[in-house]
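# Report on the structure
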Amino acid sequence: MELDLVGLLRAAWVAGILPILIASLPFSWTASFHGLVLGFAKRGKIMQASSKKFTLPQKFFGHFYVVAVVWTTFLLVTTWLYAYRTVPMVLKPFHYTTIANQLAGGSHIFSWLKSHSTSVEYKYSIWRSVFLLLLMEVQVLRRLYETIYVFNYRCSAQMHIVGYLTGLFFYTAAPLSLCCNCAPDVYKFVLNGVAEFIVKGKSHMPSMEFDWWEFTIPLVKLGWLQWIGAAIFFWGWIHQQRCHAILGSLRERRDQVDEYIIPHGDWFRIVSSPHYLAEIVLYSGLLVASGGTDLTIWLLFIFVVANLVLAAAETHRWYLRKFENYPRNRLAIIPFVY
Ligand SMILES: NC(=O)c1ccc[n+]([C@@H]2O[C@H](COP(=O)([O-])OP(=O)(O)OC[C@H]3O[C@@H](n4cnc5c(N)ncnc54)[C@H](OP(=O)(O)O)[C@@H]3O)[C@@H](O)[C@H]2O)c1
């Protein structure tokens, strides 16, 4: 199961990255393929009014974040509970065996825990997944709030149905990729818990004492890479929030609801799509916090970069075509580079 999930996720990310990379090659034979891939990725202002085939309203972006919040919250709560019940003393490995044995002995449902590797690295990786899922939760909650309260989507703004399905896939696969090392074990843990509840009933379930200290302290003590990653994540998070607020404020007047205006302020001073740049920064924070050793998280990151660079390049061309007075010093997405 473990191999299948990790292999499946990696294959899915590669399948998402490859078409974008091929479409970006500067050869004449890739030009029509580039048009096809871009057609799927276009939305809102960069989608021509004429290309309305197989499209959905752009405000359906909100669906992504409803899925993301529900799914990430589920993964976070179950993974955190799993970490707390099975490896509570992550930083005191000698205590772990005793506690795991107690759990396994106290309830035969938990006996599968005995078979677990007690390696420090495994325990550490579970708590690291909780840490990553916490950061993801902070991101998707804010994005849900913004799609409802900050952005003023034009009624006529559309996105391609392939883009819509890609978005739903993304917000299912991204949180799962952050915990794919332990997701199969968490899945068994949840199934076993549910089975025990059904067989024994609520009154016969082993009582669970809740210790907030042990619930949170392993996260605080994870290591410096996690805190550097979190700092990078929040740097991108704060700038994305500011840039989204700027975009949302451009159409504050009712008569402006169908208008496009040149945005100014924050990272808009340097690039045309600073909210995409901020997204790349915050995913690079997740990558650093993950320790950079997990190929699945690397592939997730590469997908985010490829996807957003493609959209940012088209957005930049659109601004240059639309506004004669567009600031010429602005680049598309990567400061001083592109
Ligand atoms: N992780 C990923 O792979 C991924 C993929 C896609 C998006 N995202 C994130 O989702 C967020 C939103 O992305 P998006 O593609 O929807 O952003 P967007 O196309 O820039 O649109 C955001 C909102 O701002 C409005 N807007 C944009 N430029 C405007 C202008 N010049 N004047 C007036 N209004 C303007 C848009 O209106 P219209 O609807 O009329 O265009 C829309 O309501 C971004 O931060 C991005 O990073 C992440």
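None of the values given here were measured: they were computed from a predicted structure. Counting starts from 1 at the beginning of each chain's written sequence and moves along it residue by residue. Reporting in this predicted model follows two pLDDT cut-offs: at least 70 for local features of residues, and 80 or more for side-chain atom pairs to be given and counted; totals over whole chains, interfaces and linings ignore these cut-offs and use all residues.

## A short note on the overall build of the protein chain
- Each helix corresponds to a stretch of at least 4 residues labelled H or I by DSSP, and each strand to a stretch of at least 2 residues labelled E; elements are numbered beginning at the N terminus. Within the protein chain, the secondary structure is distributed over eleven helices and two strands.
- When its helices and strands are written in sequence order, the protein chain yields α-α-β-α-α-α-β-α-α-α-α-α-α.
- Counting other C-beta atoms within 10 Å of a residue's C-beta gives its exposure: the residue is buried at 20 or more, exposed at 12 or fewer, and partly exposed in between, where C-beta atoms are placed from the backbone. Burial statistics for the protein chain: of 338 residues in total, 35% are counted as buried.
- By sequence separation, contacts in the protein chain at least 24 residues apart represent 81% of the contacts at least 6 residues apart. Here, residue contact means that the backbone-derived C-beta atoms of the two residues sit within 7 Å.

## Details of the site of the ligand
- We count a residue as near a molecule or strand when its backbone-placed C-beta atom lies within 6 Å of that partner. Neighbouring the ligand are 24 residues, the closest being Gly44, Arg154, Ala157, His275 and Glu279.
- Residue assignment for the shell around the ligand shows that the elements contributing at least two residues are helix 9 (224–249), helix 10 (274–289) and helix 11 (295–322).

## Let's talk about the UniProt feature "transmembrane region" (unreviewed entry) in the protein chain
- UniProt positions are given in the numbering used here, feature names are shortened, and annotations may be inferred rather than shown by experiment. On the UniProt side, "transmembrane region" (unreviewed entry) is annotated at positions that read residues 12–40, 60–82, 125–141, 161–183, 212–238 and 295–313 here.
- Structurally, residues 12–40 comprises 79% helix and 0% strand, and the distance from its first C-alpha atom to its last is 17 Å.
- Annotated as residues 125–141, this span is 100% helix and 0% strand, and its ends, taken at the C-alpha atoms, are 24 Å apart.

## Considering unusual backbone geometry
- Notably, Asp266 is not glycine yet its phi reads approximately 45°, a positive angle.
- In this fold, Asp266 is placed in the loop between helix 9 and helix 10.
- Take Asp266: there are 18 C-beta atoms within 10 Å of it, and that puts it in the partly exposed class.
- The phi angle at Phe336 is positive, at roughly 65°, despite the residue not being glycine.
- Among the secondary structure elements, Phe336 is positioned in the segment after helix 11.
- When the 7 C-beta atoms within 10 Å are taken as the criterion, Phe336 is described as exposed.

## Here we look at the environment of Ile17
- With respect to the helices, strands and loops of the structure, Ile17 is situated in helix 1 (residues 2–24).
- By C-beta crowding, Ile17 is classed as partly exposed, having 18 other C-beta atoms within 10 Å.
- Remark: the alpha-carbon pair of Ile17 and Ile302, spanning 285 residues in sequence, is separated by 7.3 Å.
- When near neighbours in sequence (up to four residues on either side) are disregarded, Ile17 contacts Leu299, Ile302, Phe303 and Ala306.

## Looking at the packing of helix 6 (residues 161–178) against helix 11
- Simply put, an axis is a line fit to the C-alpha atoms, just over the touching stretch for a helix, and the angle between two N-to-C directions goes from 0 to 180 degrees. Taken N-terminus to C-terminus, the directions of helix 6 and helix 11 make an angle of 145°; their axes are 9 Å apart at the nearest point. The handedness of the crossing between helix 6 and helix 11 comes out as left-handed. Where helix 6 approaches helix 11, its residues Ala174, Ser177 and Leu178 are matched on the opposing element by Thr296, Ile297 and Leu300.
- Each residue is assigned to one of three groups, with Ala, Val, Leu, Ile, Met, Phe, Trp, Tyr, Cys and Pro labelled nonpolar, Asp, Glu, Lys and Arg labelled charged, and all others, Gly among them, labelled polar. A class-by-class count of the residues in the contact of helix 6 with helix 11 yields four nonpolar, two polar and no charged. For any pair of crossing helices, the crossing counts as left-handed if the nearer helix is rotated counterclockwise from the farther one by less than a right angle, and right-handed if it is rotated clockwise.

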